[in-house]
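Report on the structure
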Amino acid sequence: MKRIAIVTDSNSGITQAEARELGISVLPMPFYIDGELYFEEITIRQEEFYRRLESEADISTSQPAPGDVTDLWDRLLRDHDEIVHIPMSSGLSSSCQSARMLAEEGYEGRVEVVNNQRISVTLRQSVLDAMTLRDQGRSAAEIRGILEARRFESSIYISLETLKYLKKGGRITPAAAAIGTVLNLKPVLTIQGEKLDAYAKVRGKKAARRTMIEAVRKDIAGRFPTQWADGTLKLELAYSGNREEAMDWRDELAEAFPGRGIDVAPLPLSVACHIGYGALAVGISVAIE
């Protein structure tokens, strides 16, 4: 059986410590804060990031440098025959396309770059699925094919604390942000595949939470009834900085979906910088067993 290494990036929400426990590699995503380069979980932690975000620092996201990617691949290929590289969705970043170009230029047949259009907790599930498929004896090419074929077997719903960062990123106008703030509007966004889309606008946090729960129930009934019944549909929670509130959100989800385990993870910083502190999210993914 071939020795296959699995690589993802920190947009999966997998920390460096967790990566070591799982036996995988996680590329830290780079950020520029007031012109200075930082790497998620390496030179900047969540707490410091949110402090800088709230202080109106100039924050921009980037993608891993090509040399950092190939250096990791070269190191792994000393002890492995193949690599499965699972970056964040190509619809949210160009890092996937960049990795594919690198693989085609000098690693053909040895590195398979997966574009299964996921991020955060659903990307994390893809990594776990890749580990399962590897342990079943699948090749890197087979793993890529299976994950890409099943890329839409997931959903994420996100409610925001503030409209400030949507305004800053040009996703809504200043006037719309001002009206929304006055009316206490809480947008609920969704990621199902390539990009972040609007799902609903509601008034207040409680309504936002109810909307996300009903969205999951709709997905279970319409898209994944069999997977929910057999236990392969996993329930996941993510948050941006507000862990105490996230634990309360977990209790609410546990009451809505009794008897189900709920994985909890912080949202990756590349998402948080566009939506701000205080977001809550729920995700579902069909696991490969």
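Residues numbered from 1 in each chain as written. Predicted model: local features only at pLDDT ≥ 70, side-chain atom pairs only at ≥ 80, totals over all residues. Heavy atoms only, no water.

Let us look at unusual backbone geometry. At D34, a residue that is not glycine, the phi angle is positive and equals roughly 50°. Summarising the element assignment, D34 is placed in the loop between β3 (30-33) and β4 (36-39). The backbone of S120 shows a phi angle near 60°, a positive value even though the residue is not glycine. For S120, a relative accessible area of 3% corresponds to the buried category. (Helix = DSSP H or I, 4+ residues; strand = E, 2+ residues; numbered from the N terminus. Buried < 20%, exposed > 50% of the residue type's maximum accessible area, 1.4 Å probe, protein only.)

This part covers helix α3 (residues 66-77). Between its first and last C-alpha, α3 extends 16 Å over twelve residues, near the 16 Å set by a 1.5 Å rise per residue. Within the span of α3, buried status applies to V69, T70, L72, W73, L76 and L77. Projected onto a plane normal to the axis of α3, the buried residues spread over an arc of 155° and lie on a single side. In this fold, the buried residues of α3 make contact with β1 (4-9), β2 (25-27), β6 (82-86), α4 (95-106) and β7 (111-113). (Expected span 1.5 Å × (residues − 1). Arc of directions from axis to C-beta. Contact = heavy atoms within 4.5 Å.)

Once that is clear, we can look at the environment of I191. With respect to the helices and strands, I191 occurs in strand β9 (residues 185-191). Sequence-wise, I191 and Y157 are 34 residues apart; in three dimensions their C-alpha atoms are separated by 6.7 Å. Contacts of I191, omitting those with residues within four sequence positions, involve I119, S155, I156, I158 and L196.

Our focus in this paragraph is the pattern of salt bridges. Working definition: two side chains of opposite charge can pair if their charged atoms are close together. Under the defined criterion, the tally for this structure stands at 19 salt bridges. As a salt-bridge pair, E18 and R124 come within 3.6 Å of each other at their nearest N and O atoms. Taken together, the positions of E18 in helix α1 (residues 16-22) and R124 in helix α5 (residues 120-135) put the pair 106 residues apart, joining distant regions of the chain. Via salt bridges that share partners, K205, R209, E245, D248 and E252 belong to a single interconnected network. (Salt bridge = Lys/Arg side-chain N within 4 Å of Asp/Glu carboxyl O.)

Turning our eyes to something else, we now look at the sheet that holds β6. Pairing within the open sheet is parallel, and its four strands lie in the order β2-β1-β6-β7. Strands at the two margins of the open sheet, each flanked by one partner only, are β2 and β7. Here the average twist between neighbouring strands, direction ignored, is 25°. Where β1 and β2 come together, three bridges link them in parallel fashion. Bridged to T8 within β2 is V26. In this fold α3 packs onto β1, β2, β6 and β7, with an angle of close to 145° to the strand it touches most, β6. Strand contacts of α5: β1 and β6, with the helix running at about 180° to β1, the strand carrying the most contacts. (Pairing = 2+ DSSP bridges. Axes fitted to C-alpha atoms, helices over the stretch in contact; angles between N-to-C directions.)

The subject of this paragraph is the confidence of the model for the protein chain. Per-residue pLDDT for the protein chain has a mean of 87; in total, 89% of the residues score no lower than 70. With pLDDT under 50 throughout, residues 169-183 is counted as low confidence; its partners more than four residues away or in other chains account for 15 contacts. (pLDDT = per-residue confidence, 0-100.)

Here we take up the nonpolar core. Of all hydrophobic cores here, the largest spans 29 residues; its most connected members are I33, F49, I59, I156, I158 and I275. Of all elements in the fold, only β3, α2 (46-54), β8 (154-159), β9 and α12 (269-275) reach the threshold of two or more residues within this core. In terms of residue count, the dominant contributor to this core is α12 (five residues). Apart from the residues lying within four places of it in its own chain, the contact partners of I59 are F31, Y32, I33, F49, R52, L53 and C273. Y157, V188, A215 and L233 belong to the second-largest nonpolar core, a separate cluster that totals 27 residues. (Core = buried A, V, L, I, M, F, W, Y, C linked by side-chain atoms within 4.5 Å.)

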